[in-house]
Amino acid sequence: MSSDDKLYISYNCVHKLCQKAATEILSTIGKPDVIVAIGGGGFIPSRIIRTFLRQTGEKNIPIQAIGLSLYEDLGMGADAIGKEVIRTQWLDFGALAQHFDSLIGKNILIVDEVDDTRTTLHYALTELYQDIQENAEKLGKDMGNTKFSIFVVNNKLKPKRAELNKDLMNGGIYLSGEDVEDRWIAYPWESSDIDTHTELAIKQGNN
Ligand code: 5GP
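All of these numbers come straight from a predicted model, not from anything done at the bench. (Residues numbered from 1 in each chain as written. Predicted model: local features only at pLDDT ≥ 70, side-chain atom pairs only at ≥ 80, totals over all residues. Heavy atoms only, no water.)

1. Considering the site of the ligand
- The full set close to the ligand counts 16 residues, and T117, T120, K156, I185 and E190 are the nearest of them.
- Note that an oxygen atom of the ligand is positioned 3.1 Å from one of the side-chain N or O atoms of E113.
- Interatomic distance of 2.7 Å between a side-chain N/O atom of K156 and an oxygen atom of the ligand.
- Protein chains bury 86% of the 500 Å² of accessible surface belonging to the ligand in isolation.
- Elements supplying a minimum of two residues to the shell around the ligand: strand 5 (107-115) and helix 4 (119-138).
- Per-element accounting of the shell around the ligand gives the leading share, four residues, to strand 5.
- Class assignment for the residues of the shell around the ligand results in five nonpolar, three polar and eight charged. (Near = heavy atom within 4 Å. Polar contact = N/O pair within 3.5 Å; in protein donor to acceptor, adjacent residues only side chain to side chain. Areas by Shrake-Rupley, 256 points an atom, 1.4 Å probe, with all protein chains shown as cover. Helix = DSSP H or I, 4+ residues; strand = E, 2+ residues; numbered from the N terminus. Nonpolar A, V, L, I, M, F, W, Y, C, P; charged D, E, K, R; others polar.)

Below you can see the structure in the form of structure tokens.
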């Protein structure tokens, strides 16, 4: 793919989109109790959005990292959406309960850089929900008011391979910094020449 086919997004642009999203999050679902960052693309946006979600004098919102990888399934054990997601890193519920609190009843914000086919977000939401539910059952608690929201820097406007179950989100919101056409997006943290990357982003109006 030539550089002209890609959509270049600068650090400034990511920062501003996170800032705008934080305002919307605070005015809708309120301050999240915890951010779940899908690695690696969700790490930098998570850290930026935390800055704007924190109000003066308040504690930082903890960021928990999870790692998910996608591979095109070759026919063995394909799930309903035709792709398989591998957990490369997941939440340590024991450590969470010890050092933070359990996620039961919390306002949870899941963050990733891009919603492409939606497979990853679908997996993250469904599996987090199930694990928290299992955890709640073990502890004899009700996960009733656990709320899941999702923030992505960019959402590609295209047919998705999976849909997000609103019932699981329990009143949480789905928010994209900016909806974009279906092109490959070049993010600044992947760039080996950040000056040229930023110039291209500015030319495309993404700064
Ligand atoms: P999904 O198809 O599950 O929505 O996206 C899977 C993952 O593919 C994303 O989390 C992201 O890491 C990667 N991805 C999809 N589209 C793009 C893109 O346009 N640019 C970059 N840099 N990564 C992408």
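2. Considering helix 4
- Helix length check: helix 4 (20 residues) gives 28 Å between terminal C-alpha atoms against 28 Å at 1.5 Å per residue, within 8%.
- Buried residues dominate helix 4, accounting for 14 of its 20 residues. (Expected span 1.5 Å × (residues − 1). Buried < 20%, exposed > 50% of the residue type's maximum accessible area, 1.4 Å probe, protein only.)

3. Side note on the packing of helix 1 (residues 11-28) against helix 2 (residues 43-53)
- Where helix 1 meets helix 2, the axes come as close as 8 Å, and the angle between the chain directions of the two elements is 50°. One way to sum up the angle between helix 1 and helix 2 is to call them oblique. In terms of crossing hand, the pair formed by helix 1 and helix 2 is right-handed. Where helix 1 abuts helix 2, its residues V14, H15, C18, Q19, A21, A22, I25 and L26 lie against P45, I48, I49, F52 and L53.
- A breakdown of the residues in the contact of helix 1 with helix 2 according to their chemical character gives eleven nonpolar, two polar and no charged. (Axes fitted to C-alpha atoms, helices over the stretch in contact; angles between N-to-C directions. Parallel < 35°, antiparallel > 145°, perpendicular 65-115°, else oblique. Left-handed = near helix turned anticlockwise from the far one by under 90°. Contact = heavy atoms within 4.5 Å.)

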